[in-house]
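Structure assessment
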Amino acid sequence: MSSTERTGKDFEVVVVGSCNTDLISYVSRLPKMGETIHGNKFSVGFGGKGANQCVMSSRLGAKSAMIAMVGDDSFGNDTIKNFEMNNVDVDFVFKTSEAATGAAPIAVDDRGQNSIIIVSGANNLLSESHVKEAFNYITSCKVMLCQLEILPETTLAALKLARSRGVFTVLNPAPAVKDLDEEFLKNCDIFCPNETEAELITGLPVRSIEEVKIASLALLDKGCKRVIITLGDQGSILASSDTRTPVQIPVTKVKTMDSTGAGDCFIGSLAYYLALYPDLQLEEVIQRACVIASVSVCATGTQTSFPWKHELSDELF
(Lines give C-alpha, C1' and ligand atoms only; values in the text may rest on other atoms or scores of the structure.)
Protein backbone atom coordinates (compact mmCIF):
# COMPACT_ATOMS: atom_id res chain seq x y z
CA MET A 1 0.00 0.00 0.00
CA SER A 2 1.36 3.44 -0.90
CA SER A 3 1.88 6.06 1.79
CA THR A 4 -0.94 8.15 0.35
CA GLU A 5 -3.37 5.31 1.13
CA ARG A 6 -2.28 4.88 4.72
CA THR A 7 -4.17 6.49 7.56
CA GLY A 8 -3.53 6.60 11.28
CA LYS A 9 -3.93 3.17 12.86
CA ASP A 10 -4.21 1.78 16.37
CA PHE A 11 -2.60 -1.54 17.22
CA GLU A 12 -2.24 -3.70 20.28
CA VAL A 13 0.95 -5.45 19.12
CA VAL A 14 3.52 -4.26 16.59
CA VAL A 15 6.43 -6.48 15.61
CA VAL A 16 9.62 -5.17 14.03
CA GLY A 17 11.55 -8.11 12.68
CA SER A 18 12.21 -10.83 10.19
CA CYS A 19 10.24 -12.78 7.59
CA ASN A 20 11.65 -16.05 6.30
CA THR A 21 10.43 -18.95 4.22
CA ASP A 22 11.04 -22.16 6.16
CA LEU A 23 12.34 -25.14 4.15
CA ILE A 24 11.78 -28.02 6.56
CA SER A 25 13.29 -31.51 6.29
CA TYR A 26 12.17 -34.21 8.72
CA VAL A 27 14.89 -36.75 9.53
CA SER A 28 15.40 -39.65 11.93
CA ARG A 29 18.41 -37.84 13.37
CA LEU A 30 20.36 -34.66 12.66
CA PRO A 31 23.36 -35.20 10.34
CA LYS A 32 26.94 -35.08 11.58
CA MET A 33 29.50 -32.71 10.07
CA GLY A 34 30.08 -33.64 6.42
CA GLU A 35 27.41 -36.35 6.46
CA THR A 36 24.59 -36.82 3.94
CA ILE A 37 21.45 -38.56 5.17
CA HIS A 38 17.98 -39.30 3.80
CA GLY A 39 14.99 -37.39 5.05
CA ASN A 40 11.48 -38.69 5.66
CA LYS A 41 9.42 -35.67 4.64
CA PHE A 42 9.83 -32.12 3.30
CA SER A 43 7.61 -29.08 3.64
CA VAL A 44 7.70 -25.34 2.96
CA GLY A 45 6.31 -22.97 5.58
CA PHE A 46 6.35 -19.40 6.79
CA GLY A 47 8.78 -18.27 9.45
CA GLY A 48 11.21 -15.69 10.71
CA LYS A 49 11.07 -14.96 14.41
CA GLY A 50 9.35 -11.64 13.90
CA ALA A 51 6.72 -13.05 11.56
CA ASN A 52 6.10 -16.04 13.84
CA GLN A 53 5.59 -13.89 16.91
CA CYS A 54 3.28 -11.52 15.06
CA VAL A 55 1.13 -14.35 13.69
CA MET A 56 0.85 -15.89 17.16
CA SER A 57 -0.29 -12.68 18.81
CA SER A 58 -2.82 -12.16 16.03
CA ARG A 59 -4.19 -15.72 16.27
CA LEU A 60 -4.97 -15.05 19.92
CA GLY A 61 -6.91 -11.94 18.99
CA ALA A 62 -4.48 -9.04 19.34
CA LYS A 63 -4.75 -6.38 16.64
CA SER A 64 -1.27 -6.89 15.21
CA ALA A 65 0.96 -5.26 12.60
CA MET A 66 4.28 -6.32 11.08
CA ILE A 67 7.12 -3.96 10.14
CA ALA A 68 9.42 -5.95 7.87
CA MET A 69 11.13 -6.27 4.49
CA VAL A 70 10.60 -9.05 1.96
CA GLY A 71 11.95 -9.63 -1.53
CA ASP A 72 9.94 -8.82 -4.64
CA ASP A 73 9.59 -12.53 -5.36
CA SER A 74 7.19 -15.44 -4.94
CA PHE A 75 8.29 -16.12 -1.35
CA GLY A 76 7.69 -12.45 -0.50
CA ASN A 77 4.26 -12.39 -2.13
CA ASP A 78 3.29 -15.59 -0.33
CA THR A 79 4.54 -14.18 2.97
CA ILE A 80 2.27 -11.15 2.64
CA LYS A 81 -0.70 -13.37 1.74
CA ASN A 82 0.00 -15.51 4.78
CA PHE A 83 -0.02 -12.45 7.03
CA GLU A 84 -3.36 -11.40 5.59
CA MET A 85 -4.80 -14.89 6.17
CA ASN A 86 -3.71 -14.54 9.81
CA ASN A 87 -5.31 -11.09 10.20
CA VAL A 88 -1.96 -9.31 10.44
CA ASP A 89 -1.81 -5.74 9.09
CA VAL A 90 0.69 -5.64 6.18
CA ASP A 91 0.77 -1.91 5.46
CA PHE A 92 4.35 -1.79 6.72
CA VAL A 93 5.71 -4.94 5.08
CA PHE A 94 8.02 -3.36 2.53
CA LYS A 95 9.28 -4.98 -0.68
CA THR A 96 12.72 -4.78 -2.30
CA SER A 97 14.15 -5.98 -5.61
CA GLU A 98 17.70 -5.80 -4.20
CA ALA A 99 17.56 -9.06 -2.24
CA ALA A 100 15.54 -12.25 -2.00
CA THR A 101 13.09 -12.95 0.81
CA GLY A 102 14.84 -14.48 3.80
CA ALA A 103 15.03 -18.28 3.90
CA ALA A 104 15.61 -20.82 6.67
CA PRO A 105 16.50 -24.46 5.90
CA ILE A 106 15.44 -26.48 8.98
CA ALA A 107 16.09 -30.11 9.94
CA VAL A 108 13.81 -31.73 12.55
CA ASP A 109 14.62 -35.13 14.07
CA ASP A 110 12.38 -37.84 15.53
CA ARG A 111 12.71 -36.34 19.02
CA GLY A 112 11.44 -32.98 17.83
CA GLN A 113 14.86 -31.31 18.11
CA ASN A 114 15.92 -29.01 15.29
CA SER A 115 18.84 -27.41 13.49
CA ILE A 116 18.31 -24.14 11.61
CA ILE A 117 20.31 -22.06 9.12
CA ILE A 118 19.07 -18.52 8.48
CA VAL A 119 19.79 -16.69 5.20
CA SER A 120 18.67 -13.15 6.00
CA GLY A 121 18.32 -11.73 2.48
CA ALA A 122 15.82 -8.85 2.39
CA ASN A 123 15.64 -8.74 6.19
CA ASN A 124 18.99 -6.95 6.21
CA LEU A 125 17.54 -4.10 4.15
CA LEU A 126 14.94 -3.07 6.72
CA SER A 127 16.29 0.23 8.03
CA GLU A 128 15.58 2.82 10.70
CA SER A 129 13.89 4.99 8.05
CA HIS A 130 11.38 2.22 7.33
CA VAL A 131 10.53 1.95 11.03
CA LYS A 132 10.10 5.72 11.30
CA GLU A 133 7.89 5.73 8.20
CA ALA A 134 5.68 3.07 9.74
CA PHE A 135 5.42 4.92 13.05
CA ASN A 136 4.31 8.04 11.21
CA TYR A 137 1.05 6.18 10.57
CA ILE A 138 0.75 4.25 13.83
CA THR A 139 -1.44 6.32 16.12
CA SER A 140 -1.07 4.04 19.11
CA CYS A 141 0.48 0.73 20.07
CA LYS A 142 0.49 -1.12 23.39
CA VAL A 143 3.36 -3.60 22.94
CA MET A 144 6.25 -3.81 20.50
CA LEU A 145 8.30 -6.95 19.93
CA CYS A 146 11.83 -7.06 18.54
CA GLN A 147 14.41 -9.79 17.92
CA LEU A 148 17.96 -9.88 16.49
CA GLU A 149 17.29 -11.31 13.02
CA ILE A 150 17.43 -7.90 11.31
CA LEU A 151 20.18 -5.27 11.43
CA PRO A 152 20.98 -4.47 15.07
CA GLU A 153 20.91 -0.73 14.46
CA THR A 154 17.37 -1.04 13.09
CA THR A 155 16.25 -3.04 16.11
CA LEU A 156 17.78 -0.60 18.57
CA ALA A 157 16.26 2.38 16.76
CA ALA A 158 12.85 0.68 16.90
CA LEU A 159 13.18 0.04 20.64
CA LYS A 160 14.17 3.64 21.32
CA LEU A 161 11.39 5.04 19.13
CA ALA A 162 8.78 2.87 20.82
CA ARG A 163 10.01 3.79 24.30
CA SER A 164 9.82 7.49 23.38
CA ARG A 165 6.16 6.94 22.50
CA GLY A 166 5.39 5.16 25.78
CA VAL A 167 5.09 1.74 24.14
CA PHE A 168 5.87 -1.36 26.26
CA THR A 169 8.87 -3.08 24.62
CA VAL A 170 9.95 -6.72 24.60
CA LEU A 171 13.28 -7.89 23.17
CA ASN A 172 13.84 -11.53 22.30
CA PRO A 173 17.65 -11.55 21.73
CA ALA A 174 17.67 -14.34 19.16
CA PRO A 175 19.88 -15.33 17.56
CA ALA A 176 22.13 -14.37 20.46
CA VAL A 177 25.03 -11.98 20.03
CA LYS A 178 28.08 -12.17 22.28
CA ASP A 179 28.89 -8.83 23.94
CA LEU A 180 25.46 -7.45 23.09
CA ASP A 181 25.41 -3.66 23.45
CA GLU A 182 23.81 -2.86 26.80
CA GLU A 183 21.69 -0.20 25.10
CA PHE A 184 19.47 -3.06 23.90
CA LEU A 185 18.88 -4.20 27.47
CA LYS A 186 18.29 -0.69 28.77
CA ASN A 187 15.69 0.09 26.10
CA CYS A 188 13.37 -2.86 26.64
CA ASP A 189 10.83 -3.44 29.39
CA ILE A 190 11.23 -7.22 29.17
CA PHE A 191 14.37 -9.02 28.00
CA CYS A 192 13.48 -12.59 27.04
CA PRO A 193 16.26 -15.00 25.97
CA ASN A 194 16.33 -18.78 26.21
CA GLU A 195 19.02 -20.47 28.32
CA THR A 196 21.50 -20.75 25.42
CA GLU A 197 21.14 -17.07 24.57
CA ALA A 198 21.42 -16.07 28.22
CA GLU A 199 24.66 -18.05 28.53
CA LEU A 200 26.22 -16.40 25.47
CA ILE A 201 25.16 -12.87 26.45
CA THR A 202 26.26 -13.13 30.10
CA GLY A 203 29.26 -15.42 29.63
CA LEU A 204 27.95 -17.46 32.57
CA PRO A 205 27.07 -21.18 32.61
CA VAL A 206 23.36 -22.03 32.75
CA ARG A 207 23.42 -25.79 33.30
CA SER A 208 21.17 -25.74 36.35
CA ILE A 209 18.20 -23.73 37.64
CA GLU A 210 20.44 -21.98 40.18
CA GLU A 211 22.88 -20.99 37.44
CA VAL A 212 20.00 -19.64 35.35
CA LYS A 213 18.90 -17.51 38.31
CA ILE A 214 22.42 -16.12 38.64
CA ALA A 215 22.45 -15.32 34.90
CA SER A 216 19.11 -13.52 35.22
CA LEU A 217 20.56 -11.26 37.92
CA ALA A 218 23.59 -10.56 35.71
CA LEU A 219 21.20 -9.42 32.97
CA LEU A 220 19.44 -7.11 35.43
CA ASP A 221 22.86 -5.64 36.24
CA LYS A 222 23.25 -4.80 32.54
CA GLY A 223 20.21 -2.53 32.69
CA CYS A 224 17.13 -4.76 32.24
CA LYS A 225 13.98 -4.05 34.24
CA ARG A 226 12.59 -7.57 33.90
CA VAL A 227 14.18 -10.75 32.58
CA ILE A 228 12.40 -13.90 31.47
CA ILE A 229 14.71 -16.82 30.61
CA THR A 230 12.79 -19.61 28.88
CA LEU A 231 13.84 -23.18 29.67
CA GLY A 232 11.73 -25.39 27.42
CA ASP A 233 9.98 -28.11 29.41
CA GLN A 234 11.39 -26.66 32.63
CA GLY A 235 9.31 -23.52 32.27
CA SER A 236 10.87 -20.09 32.80
CA ILE A 237 12.86 -17.99 35.24
CA LEU A 238 11.51 -14.51 35.99
CA ALA A 239 13.66 -11.82 37.59
CA SER A 240 12.76 -8.19 38.26
CA SER A 241 14.90 -5.22 39.22
CA ASP A 242 12.27 -4.42 41.86
CA THR A 243 12.81 -7.56 43.93
CA ARG A 244 16.00 -9.17 42.50
CA THR A 245 14.59 -12.53 43.62
CA PRO A 246 14.43 -14.87 40.59
CA VAL A 247 11.55 -17.33 40.59
CA GLN A 248 10.95 -20.42 38.50
CA ILE A 249 7.61 -20.67 36.74
CA PRO A 250 7.03 -24.34 35.87
CA VAL A 251 5.08 -25.77 32.97
CA THR A 252 3.34 -29.11 32.55
CA LYS A 253 5.50 -31.41 30.43
CA VAL A 254 4.07 -32.78 27.19
CA LYS A 255 5.29 -35.22 24.54
CA THR A 256 7.19 -33.09 22.03
CA MET A 257 6.57 -33.75 18.36
CA ASP A 258 8.35 -30.67 16.93
CA SER A 259 9.84 -27.83 18.99
CA THR A 260 10.40 -25.54 15.99
CA GLY A 261 8.90 -22.12 16.73
CA ALA A 262 7.94 -22.89 20.34
CA GLY A 263 9.92 -19.92 21.62
CA ASP A 264 8.22 -17.62 19.12
CA CYS A 265 4.83 -19.02 20.12
CA PHE A 266 5.65 -18.14 23.73
CA ILE A 267 6.80 -14.58 22.88
CA GLY A 268 3.78 -13.89 20.67
CA SER A 269 1.47 -15.16 23.41
CA LEU A 270 3.33 -13.07 25.98
CA ALA A 271 2.76 -9.94 23.88
CA TYR A 272 -0.93 -10.74 23.56
CA TYR A 273 -1.42 -10.97 27.32
CA LEU A 274 0.70 -7.88 28.01
CA ALA A 275 -1.41 -5.88 25.55
CA LEU A 276 -4.90 -7.17 26.38
CA TYR A 277 -4.50 -8.14 30.05
CA PRO A 278 -2.29 -5.36 31.47
CA ASP A 279 -3.52 -5.96 35.02
CA LEU A 280 -2.64 -9.66 35.02
CA GLN A 281 0.36 -10.57 37.19
CA LEU A 282 3.44 -11.22 35.07
CA GLU A 283 3.85 -14.68 36.63
CA GLU A 284 0.37 -15.60 35.41
CA VAL A 285 1.06 -14.11 31.98
CA ILE A 286 4.16 -16.30 31.67
CA GLN A 287 2.30 -19.38 32.88
CA ARG A 288 -0.44 -18.95 30.28
CA ALA A 289 2.07 -18.25 27.49
CA CYS A 290 3.93 -21.43 28.49
CA VAL A 291 0.71 -23.44 28.21
CA ILE A 292 0.12 -22.15 24.68
CA ALA A 293 3.73 -22.86 23.68
CA SER A 294 3.29 -26.41 25.03
CA VAL A 295 0.33 -26.86 22.70
CA SER A 296 2.50 -25.85 19.72
CA VAL A 297 5.16 -28.53 20.30
CA CYS A 298 2.51 -31.23 20.01
CA ALA A 299 2.15 -30.51 16.27
CA THR A 300 4.62 -30.26 13.38
CA GLY A 301 5.84 -27.16 11.59
CA THR A 302 6.35 -23.62 12.78
CA GLN A 303 3.31 -21.39 12.26
CA THR A 304 1.26 -24.46 11.31
CA SER A 305 1.65 -25.64 14.93
CA PHE A 306 0.45 -22.36 16.44
CA PRO A 307 -3.07 -22.63 17.90
CA TRP A 308 -5.89 -20.17 17.29
CA LYS A 309 -7.74 -18.73 20.27
CA HIS A 310 -10.85 -20.84 19.63
CA GLU A 311 -8.74 -24.01 19.85
CA LEU A 312 -7.55 -23.22 23.38
CA SER A 313 -9.18 -23.62 26.78
CA ASP A 314 -11.43 -20.77 27.90
CA GLU A 315 -9.50 -20.79 31.17
CA LEU A 316 -6.61 -19.09 29.37
CA PHE A 317 -8.74 -16.00 28.60
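Our structure's up above, just so we're on the same page.
Read on for an overview of the structure. (Residues numbered from 1 in each chain as written. Predicted model: local features only at pLDDT ≥ 70, side-chain atom pairs only at ≥ 80, totals over all residues. Heavy atoms only, no water.)

**A short note on the overall build of the protein chain**
Formally: Secondary structure is summarised from DSSP: a helix means a run of H or I of at least four residues, a strand means a run of E of at least two, and numbering begins at the N terminus for each. Radius of gyration here is computed from C-alpha atoms only, and the compact-globule reference equals 2.2 Å multiplied by the residue count raised to the power 0.38. Each residue is placed in one exposure class: buried if its accessible area under a 1.4 Å probe, protein chains only, is under 20% of its type's maximum, exposed if it is over 50%, and partly exposed if it falls in between. Residue contacts are counted whenever heavy atoms from the two residues lie within 4.5 Å of one another. In this description, accessible areas are obtained by the Shrake-Rupley approach with a 1.4 Å probe, and a residue is regarded as covered only by the protein chains that are shown.
A tally of regular secondary structure across the protein chain gives nine helices and 13 strands. The C-alpha radius of gyration of the protein chain comes to 18 Å, within 12% of the 20 Å expected for a compact globule of 317 residues. A principal-axis box enclosing the C-alpha atoms of the protein chain has dimensions of 55 × 50 × 40 Å. Counting over 317 residues, the protein chain shows a buried share of 53%. In the protein chain, once contacts between residues fewer than 6 apart in sequence are set aside, the share between residues at least 24 apart is 68%. With an accessible surface of roughly 13,900 Å², the protein chain has 50% of that area assigned to carbon and sulfur atoms.

**With respect to unusual backbone geometry**
In this chain, Ala-174 is followed by Pro-175 through a cis amide linkage whose omega measures -5°. A positive phi is found at Asn-87, a non-glycine position, where the angle reads about 65°. Position of Asn-87 relative to the elements: it lies in the loop between α2 (74-85) and β5 (93-96). We classify Asn-87 as exposed; its relative accessible area is 54%. Its identity as a non-glycine residue notwithstanding, Asp-179 has a phi of 60°, on the positive side. Summarising the element assignment, Asp-179 is placed in the loop between β9 (168-171) and α5 (182-186).

**Observations regarding helix α1 (residues 49-59)**
Of all eleven residues making up α1, ten are buried, and the element is well covered by its neighbours. Taken residue by residue, α1 has Gly-50, Ala-51, Asn-52, Gln-53, Cys-54, Val-55, Met-56, Ser-57, Ser-58 and Arg-59 as its buried positions. The positive-phi residue at the C-terminal boundary of α1 is Gly-61, with phi of around 120°.

**Considerations on the pairing of strand β2 (residues 20-26)**
The criterion, for reference: DSSP-based pairing: two strands are paired if at least 2 bridges between them are found.
Of all the seven residues making up β2, five are buried; the element is thus mostly covered by neighbouring parts of the structure. Bridging between β2 and strand β3 (residues 41-47) involves seven bridges; their strand directions are antiparallel. Across the sheet, the residue bridging to Asp-22 is Gly-45, located in β3. Here seven bridges tie β2 to strand β6 (residues 102-108), and the two strands are oriented parallel to one another. Its bridge partner lying in β6, Ile-24 is registered against Ile-106.

**As for the environment of Glu-183**
Its place among the elements puts Glu-183 in helix α5. Residues Glu-183 and Cys-224, spaced 41 residues apart in sequence, show a C-alpha to C-alpha distance of 9.6 Å. The residues contacting Glu-183, other than those within four sequence positions of it, are Leu-156 and Lys-160.

**A short note on the packing of aromatic side chains**
To be explicit about the condition: We call Phe, Tyr and Trp rings a pair once their centres come within 6.5 Å, taking the six-membered ring for Trp, and we label the pair stacked below 30 degrees between planes, edge-to-face above 60, and tilted otherwise.
Tallied over the full model, the rule gives five aromatic pairs. Judged by centre distance (5.9 Å) and plane angle (75°), the ring pair of Tyr-272 and Phe-317 falls under edge-to-face. Of this pair, Tyr-272 sits in helix α8 (residues 262-276) while Phe-317 sits in the segment after α9 (282-296), placing them 45 residues apart in sequence. Since its relative accessible area comes to 1%, Tyr-272 is described here as buried. Here Phe-317 falls in the partly exposed class, since its relative accessible area comes to 23%. Both rings, one in Tyr-273 and one in Tyr-277, keep their centres 5.6 Å apart while their planes meet at 55°; by these two values the pair is tilted. By relative accessible area, Tyr-273 is classed as buried at 0%.

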